[in-house]
Amino acid sequence: MSKHSIQINSIYCGGTSETGHDEVYLVCQADAGLPIHIPSGINTANSMAKGDTWTFDKIILNFEYEVLVTLWDRDVSYDPNLATYLQSNDFQPGSGTGSIQLTNRNGANYTIYYTYID
Amino acid sequence: MNTTINTQIANYAGIYQSMSSPAVAKSKQPYTPTDAEKKVFTEAKYAWETYSKSAAGKAELKTIAAMDVPAARSSVGDILDNPAFAKLLQMLNTLDLPASSFSFGVTMELELILGFEAVLGVAIGIGDSKNLASSEFLTLGLTEGIDEGGLVGVQFGLWKNAPADIGGYSWSTEIDLGLGAEVEVAGSYTASGGILGATLTIGGGEEDGADEEESYTFILGNQEGDGYLKPVYQPRKNNFLIITSMKCDSTQSDGAGSANEVYFTFQADGDTLYHYPTYDYLSMESGDTWNCGRSVWFNETVQVNAYDEDDTSGDDPIGNFTINISDLTLGGTKTFNSTKDYSTTFDTVKYTINVKLVAQNVQN
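Please read all numbers here as calculations on a predicted model, not as lab measurements.

What is the right way to look at the nonpolar core in this model?
What tends to happen in soluble globular proteins is that the nonpolar side chains get buried as a cluster. In this structure, Phe-85 and Phe-156 of chain B are the most contacted members of the largest nonpolar core, which totals 63 residues. Among the nonpolar cores identified, the runner-up in size contains 38 residues, and Leu-68 of chain A together with Tyr-274, Leu-282 and Leu-328 of chain B belong to it.

Sorry, what's going on with the sheet that holds strand 9 (residues 109-116) of chain A here?
Each strand in a sheet pairs with its neighbour through backbone hydrogen bonds, running either in the same direction (parallel) or in the opposite one (antiparallel). Residue and element names in this part refer to chain A. Pairing within the open sheet is antiparallel, and its 4 strands lie in the order 5-1-9-8. Looking along the sheet, the strands with just one partner apiece sit at the ends: strand 5 (53-63) and strand 8 (97-103). Direction aside, the axes of adjacent strands within the sheet are offset by 25 degrees on average. In this structure, strand 8 lies alongside strand 9, joined through 7 bridges in antiparallel fashion. The partner of Thr-103 across the bridge, within strand 9, is Asn-109.

Even after reading the chapter, I still don't get the side chain of Thr-84 of chain A, so can you show me in this structure?
Its location among the elements puts Thr-84 of chain A in strand 7 (residues 84-91). Polar side-chain contacts of Thr-84 of chain A include one of 2.5 Å to the side chain of Asp-75 of chain A. Apart from the residues lying within four places of it in its own chain, the contact partners of Thr-84 of chain A are Leu-71, Trp-72, Asp-73 and Asp-75 of chain A together with Asp-280 of chain B.

Help me understand empty space enclosed by the protein in this model?
If you roll a probe as big as a water molecule over the atoms, it shows you where there is empty space left. A full pass over the atoms with the stated rule returns 2 cavities of 30 Å³ or more. Reported here for the largest cavity is a volume of approximately 320 Å³. Lining the largest cavity are 24 residues; nearest its centre among them are Tyr-25, Val-27, Pro-35 and Trp-72 of chain A together with Tyr-279 of chain B. The residue inventory of the lining of the largest cavity, partitioned by class, reads 13 nonpolar, 8 polar and 3 charged. As a volume, the second largest cavity reaches approximately 40 Å³. A class-by-class count of the residues in the lining of the second largest cavity yields 5 nonpolar, 3 polar and 2 charged.

Calculation rules
Residues numbered from 1 in each chain as written. Chains lettered and ligands numbered in written order. Predicted model: local features only at pLDDT ≥ 70, side-chain atom pairs only at ≥ 80, totals over all residues. Heavy atoms only, no water. Core = buried A, V, L, I, M, F, W, Y, C linked by side-chain atoms within 4.5 Å. Buried < 20%, exposed > 50% of the residue type's maximum accessible area, 1.4 Å probe, protein only. Pairing = 2+ DSSP bridges. Helix = DSSP H or I, 4+ residues; strand = E, 2+ residues; numbered from the N terminus. Axes fitted to C-alpha atoms, helices over the stretch in contact; angles between N-to-C directions. Polar contact = N/O pair within 3.5 Å; in protein donor to acceptor, adjacent residues only side chain to side chain. Contact = heavy atoms within 4.5 Å. 1 Å grid on protein atoms, 1.4 Å probe; cavity = no way out; pocket = protein on both sides within 12 Å on 5 of 7 lines; lining within 4 Å. Points joined across faces, edges and corners; volume = space filled by probe spheres on them. Nonpolar A, V, L, I, M, F, W, Y, C, P; charged D, E, K, R; others polar.

Now the structure itself:
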């Protein structure tokens, strides 16, 4: 059913939601379907401080109408109930390469770099 | 159809789908069950037939089939308390088995765009692991066709690892124990071809000659309110909208700074209640716009209720929004005001949401 694809190239951290590092992970949900966790695995995250760039090998998200990408800060490894919501962006069909800056009032400042494939 | 358990297991299915499965060795150790293992599986089959045909067994299975994951995972093990399984449990205590765990779980088929087979069960220590703590687990594998959906049968397992260590990838290959066509016995292997154990599956999903069927077992957490169970996956309906943004014109004064800690719930057609963000909240001050981008499948109506999270006195409602399909036009965006004004004499509270209809009368 997927008609469109977007590649997430990297995420730049311009500020963290707490002192030091955020333990960042993404939940990507295409057309409100299965929630895909990045990095893959259980309770996994990527530690990011201001100035860090998280570059992805090849994350391609296929969707029909939209794909919602949510950024989280994992606060404790064993309980996602305690994760901190950083921000989210809903990608709808488009073209080209771009970036979107996401901020919140706790200091989180992340920029997602992406490329539409289809 | 138990949609609650479907949406809860979908979170695990998403994690499983997002992982890259390791390469599998071309050769593997031949697996020949011992006589003691054959006796256990033979008795397990007999016990299950006795139990599942009994009035008490039918009633218990019907109850479990309607439960959500937390209730079902704590109830599955109780099935073994039925007298039908007494001899089987005695055999596990007395036979010399080359195994460290015995598992028992109900099998389910789920349609989550892709078809999944799931086993929700409990593993108990036997042999060298007899006194170790039991574990509750969820095993998931892809399947090409969903025959019935819902709870379809049972799986027994004998494992080399202790109960807490049966998690991770495995690949199963059918072996013939002569127990009949209605059951499937399979050896279970690691990616490198090492033996993990063997399973006996009764009911649903058996595929003759199945070879190297991949599955992944999650050991379920023991903390209350396992976070992976908050619903995220939505079954498809006729129409699809996106709550593109929420705007705060005026916060509720909650005595805790100038911001509200905002989250909202949404419910399509009175079905499953979802939270967004799934956990936590977004701090908003007057003038802020949250481009939340939350998509929702629905047929007729979506109820969105926004709250200011308050750890000390309970969460405070800040806006209720009722969206009907008749309010929307395909491709258009409409602003919704709260159907209830939460302002007081000294405190103006105003939030609005923007909603875009992106698909209508979808053929699912």
